[in-house]
Amino acid sequence: MEEPNKRIPVTILTGFLGSGKTTLINYVLKASHGKRVAVIENEFGEIAVDSDLIVDAGDEIFETQNGCICCRVRGDLVRILHELVEKKQGKFDMILLETTGLADPGPVVQTFFMDKTVQDAFQIDAIVTMVDSKHFQMHLDAEELQKQIAFADRLVLNKLDLIPDEQEQKTLQAKLSAINPSAEIIKSQFGKVPLNEILDVRGFDLEKVLEREPDFMRDAEPCDEQGCDNDGHNHNHNRHDVSVTSVGISAPGELDFDLLNSWVQSLLAANGQNIYRMKGILNVKGEQDRFVFQGVHMMFDGQQDRAWRPDEDRTNKLVFIGKQLDREQLTNSFKACIVAS
Ligand SMILES: Nc1nc2c(ncn2[C@@H]2O[C@H](COP(=O)(O)OP(=O)(O)OP(=O)(O)O)[C@@H](O)[C@H]2O)c(=O)[nH]1
């Protein structure tokens, strides 16, 4: 076995839907730390847009198949890690692994201890959990969120611009500490954190996990479900709250900006509580730039991003994640914003 310090550190970045994981990744990629970073992206939604939202900083982005790596596509994570060992050895100093907003970090961690090639090549540096200070209390009954907080070595209390009151910030910190007293809490706005507090911190300790959950590694049993695409490692097919679903829309055409605006307003007024997350890259008529569309519950942000590349496919791509999503209604009402050609 190689020396532990020769193994590539992996930062597992977790956090509920829309908490700011991709924003933090972009901050890390743009910062001057001199490290070569490989990013592994895992998305829950039917259509993947995160890899298109990551800045092009010359780093490599690997996308797992859609579906959560904590269950359905765990084998795909192992495949990517093997590829990194076989073809990319010596090309990266660290890995940032972004899990879906609904991931249970436990099985993701197990993956790093169940395969010899992976175990010899990688070492979990820390589990960093992003917490949306504006919305996390709405989801505290979600088991996924509780596990993300409980597993964290570092908790990044993000979006503090939305909670300016210091007393309120302290109350939020106390709530997090009640769930996980040992994780250090780092305050943040738009993912801006001192990088030496989240990277290369040697914060992960399997012994600590085993103290908390003695059966943690014993849970790893082969799956014998027919048709399962997992490579034999443990996972629970009912791990997620099944009432949370995703609707993806992929539609060519140019959008009328005013119609788009009214559509978003009425959508949020009618369904804001149930739409946990929406995001997309849109083609607005008359614009040379991509329009990036982001929503977390009632908070919506739409802005122009970089220019479309000449050979780029301008198909509108968007995804909704939430409860009681009406696919037909969402798709038809969105398509009504496309300008007739
Ligand atoms: N006001 C405010 N908005 C933020 C902050 N950090 C991120 N956001 C916004 O929150 C939205 C979601 O951010 P992302 O970084 O995409 O969140 P995520 O955790 O990667 O989302 P998923 O991967 O879809 O779960 C975006 O519109 C961001 O611009 C912050 O500190 N303050």
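Residues numbered from 1 in each chain as written. Predicted model: local features only at pLDDT ≥ 70, side-chain atom pairs only at ≥ 80, totals over all residues. Heavy atoms only, no water.

An unreviewed UniProt entry lists the protein chain under the name CobW C-terminal domain-containing protein, with Umbelopsis vinacea given as the organism. Taken verbatim from the UniProt record of the protein chain, the Catalytic activity (unreviewed entry) comment is "GTP + H2O = GDP + phosphate + H(+)". (UniProt positions renumbered as here; feature names shortened; annotations may be inferred.)

Trainee: Let's hear about empty space enclosed by the protein: which residues, and what values?
Mentor: Per the stated rule, a full pass over the model turns up 1 cavity of 30 Å³ or more. Taken together, 13 residues form the lining of the largest cavity, with Phe-16, Leu-17, Asp-132, His-135 and His-139 sitting closest to its centre. Broken down by element, the residue count for the lining of the largest cavity peaks at 3 residues, all from strand β5 (residues 122–132). Tallied by class, the residues present in the lining of the largest cavity amount to 8 nonpolar, 4 polar and 1 charged. (1 Å grid on protein atoms, 1.4 Å probe; cavity = no way out; pocket = protein on both sides within 12 Å on 5 of 7 lines; lining within 4 Å. Points joined across faces, edges and corners; volume = space filled by probe spheres on them. Helix = DSSP H or I, 4+ residues; strand = E, 2+ residues; numbered from the N terminus. Nonpolar A, V, L, I, M, F, W, Y, C, P; charged D, E, K, R; others polar.)

Trainee: Give a detailed account of the sheet that holds strand β10 (residues 289–296), specifying residues and quantitative values.
Mentor: In spatial order, the strands read β8-β12-β9-β10-β11; together these 5 strands make up an open sheet with antiparallel pairing. Every interior strand has two partners, whereas the edge strands, β8 (244–251) and β11 (299–307), have only one. Averaged over all adjacent pairs, the angle separating strand axes in this sheet is 10 degrees, with direction ignored. When strand β9 (residues 275–282) meets β10, the two strands line up antiparallel, connected through 5 bridges. (Pairing = 2+ DSSP bridges. Axes fitted to C-alpha atoms, helices over the stretch in contact; angles between N-to-C directions.)

Trainee: Any chance you could break down the pairing of β8 for me, citing the residues and the numbers?
Mentor: Each regular strand carries side chains that alternate between the two faces of the sheet. By the criterion of burial, β8 is predominantly enclosed, with 6 of the 8 residues buried. In terms of strand pairing, β8 meets strand β12 (residues 316–323) through 8 bridges, oriented antiparallel. Counterpart to Ser-250 in the pairing with β12 is Lys-317. (Buried < 20%, exposed > 50% of the residue type's maximum accessible area, 1.4 Å probe, protein only.)

Trainee: Help me get a handle on the packing of aromatic side chains, residues and values and all.
Mentor: Scanning the entire structure with this criterion turns up 9 aromatic pairs. With a centroid separation of 6.4 Å and an interplanar angle of 80 degrees, the aromatic rings of Phe-62 and Phe-92 are classed as edge-to-face. Remark: Phe-92 occurs in the loop between α3 (74–87) and β4 (94–98) and Phe-62 occurs in strand β3 (residues 60–63); sequence separation between them is 30 residues. With respect to burial, Phe-62 and Phe-92 carry one shared label: buried. For the cation-ring pair, Arg-212 lies above Phe-151, with the distance from its terminal atom to the ring centre recorded as 4.7 Å. (Phe/Tyr/Trp six-rings, centres within 6.5 Å; stacked < 30°, edge-to-face > 60°. Lys NZ or Arg CZ within 6 Å of the ring centre and 35° of its normal.)

Trainee: Go over helix α7 (residues 166–179) with me, naming the residues and quoting the values.
Mentor: In this model α7 runs 20 Å from its N-terminal to its C-terminal C-alpha over 14 residues, within 8% of the 20 Å that 1.5 Å per residue would give. Listed as buried for α7 are Gln-169, Leu-172 and Leu-176. Taken down its axis, α7 places every buried residue within 60 degrees of arc, on the same side. Every exposed residue of α7 that faces more than 90 degrees away from the buried side is listed here: Gln-167 and Ala-178. As for α7, its buried residues are in contact with β5, α6 (143–151), β6 (154–158) and β7 (184–187). (Expected span 1.5 Å × (residues − 1). Arc of directions from axis to C-beta. Contact = heavy atoms within 4.5 Å.)

Trainee: Help me get a handle on the site of the ligand, residues and values and all.
Mentor: Near the ligand, the surroundings consist of 19 residues, among which Thr-22, Thr-23, Phe-190, Arg-277 and Lys-279 are the closest. Contact between the ligand and Thr-23: an oxygen atom at 2.5 Å from a side-chain N or O atom of the residue. Asn-158 places a side-chain nitrogen or oxygen 3.1 Å from a nitrogen atom of the ligand. Considered on its own, the ligand offers 660 Å² of accessible surface; in the complex 90% of this is hidden by protein. A molecule is said to occupy a pocket when more than half its atoms come within 2 Å of that pocket's grid points, and by this definition the ligand occupies the largest pocket. Going through the elements one at a time, α1 (21–30) and β9 are the ones with two or more residues in the shell around the ligand. Tallying contributions element by element places α1 first for the shell around the ligand, with 3 residues. Of the residues assigned to the shell around the ligand, the class counts are 4 nonpolar, 8 polar and 7 charged. (Near = heavy atom within 4 Å. Polar contact = N/O pair within 3.5 Å; in protein donor to acceptor, adjacent residues only side chain to side chain. Areas by Shrake-Rupley, 256 points an atom, 1.4 Å probe, with all protein chains shown as cover. Sits in = over half its atoms within 2 Å of the grid points.)

Trainee: Tell me about the pattern of salt bridges, and please be specific about residues and values.
Mentor: Under the criterion given, the structure shown has 21 salt bridges. Here Glu-143 ties to Lys-147 by a salt bridge, and the two come within 3.4 Å at their closest N and O atoms. Placement of both Glu-143 and Lys-147 in helix α6 is noted, with a separation of 4 residues, approximately one turn of the helix. The partly exposed category is assigned to Lys-147, whose relative accessible area is 28%. Here the residues in one salt-bridge network are Lys-35, Asp-125, Asp-200 and Arg-202, joined through shared partners. (Salt bridge = Lys/Arg side-chain N within 4 Å of Asp/Glu carboxyl O.)

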